[in-house]
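Each chain, letter by letter, is given below.
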Amino acid sequence: VTNSSPVAWKKNGKNYLISHTRDALVAMNPRTGEIIWTLRAGGDSTPAIQGDLLTVQCRKETQGFIAVQLHEKEPKQLWSNPFEARRTQSSPIIDGGVTYLIDNSTAYCHDLRTGKLLWQQKVPASITSPVMADGKFFIITDRGNNLTMYRPQKESLAELGKTRIKALYCPSPCVTDGYVVLRQLDKLVCYDITEGAIRSN
């Protein structure tokens, strides 16, 4: 059992549920629970999937950040970027031909198919996973004190703005329909982040 969440994958009209367990990536039949395949990995990071490509952070530093070519029977690890991480709970994001990971207060951007590190940048976030909406990243930063918005660029993340929110710094924000939902110590809070609402404040 880990802290990661299962993700859905569909191929040739069939549905699969992929879980990142303590020691492996596991694909299951969501109706029966039958295990279809396993692949060596393991950790608390929730996988990101785009088409038939998956990226995830592993707790073993010899694997680090990996990409997998998904298959109905025989998945294949495409690349691995080993690194020693103090924490391995952050989940990646795939956008177009790149995949992002924020861990140990550093943002990494890799080419999705080759694994080439395109750039890295210091970001004041450690455990919380970023959320992408409207082409922007929303990240809990500064140990939960702020919600910071970034726009990914060719060689960096550009900070667009931040607001003090006093959230717990482990849970990730949830963005939907122009609202962001955050977990504070004793309650959930919801902010309107649409353009009109921001201007009116």
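Parameters at a glance
Residues numbered from 1 in each chain as written. Predicted model: local features only at pLDDT ≥ 70, side-chain atom pairs only at ≥ 80, totals over all residues. Heavy atoms only, no water. Pairing = 2+ DSSP bridges. Helix = DSSP H or I, 4+ residues; strand = E, 2+ residues; numbered from the N terminus. Axes fitted to C-alpha atoms, helices over the stretch in contact; angles between N-to-C directions.

Draft legend 1. Quick peek at the sheet that holds strand β14 (residues 136–141). Taken in spatial order, the four strands make up an open sheet running β13-β14-β15-β16, and their pairing is antiparallel. Here the strands that pair on one side only, and so sit at the sheet edges, are β13 (131–133) and β16 (157–164). Taking the axes of each pair of neighbouring strands and ignoring which way they run, one obtains an average angle of 25° across the sheet. Alignment of β14 against strand β15 (residues 146–152), held across five bridges, turns out to be antiparallel.

Draft legend 2. How the structure looks around the sheet that holds strand β18 (residues 179–183). Read from one edge to the other, the open sheet built from three strands follows the order β17-β18-β19, with strand pairing classed as antiparallel. Bordering the open sheet on either side are β17 (174–176) and β19 (188–192), each of which pairs with just one other strand. Mean inter-strand twist for the sheet, computed between neighbouring axes without regard to direction, equals 20°. Note: β18 against β19, five bridges, orientation antiparallel. Across the sheet, Tyr-179 pairs through a bridge with Asp-192, a residue of β19.

Draft legend 3. Just the pairing of strand β1 (residues 7–11), in detail. Here β1 runs beside strand β2 (residues 14–20); their pairing, made up of five bridges, is antiparallel. If you follow Val-7 over to β2, its bridge partner there is Ile-18.

Draft legend 4. Representation of the environment of Val-7. Within the element layout of this structure, Val-7 appears in strand β1. Distance from Val-7 to Ser-19, taken between C-alpha atoms, is 6.6 Å for residues 12 residues apart in sequence.

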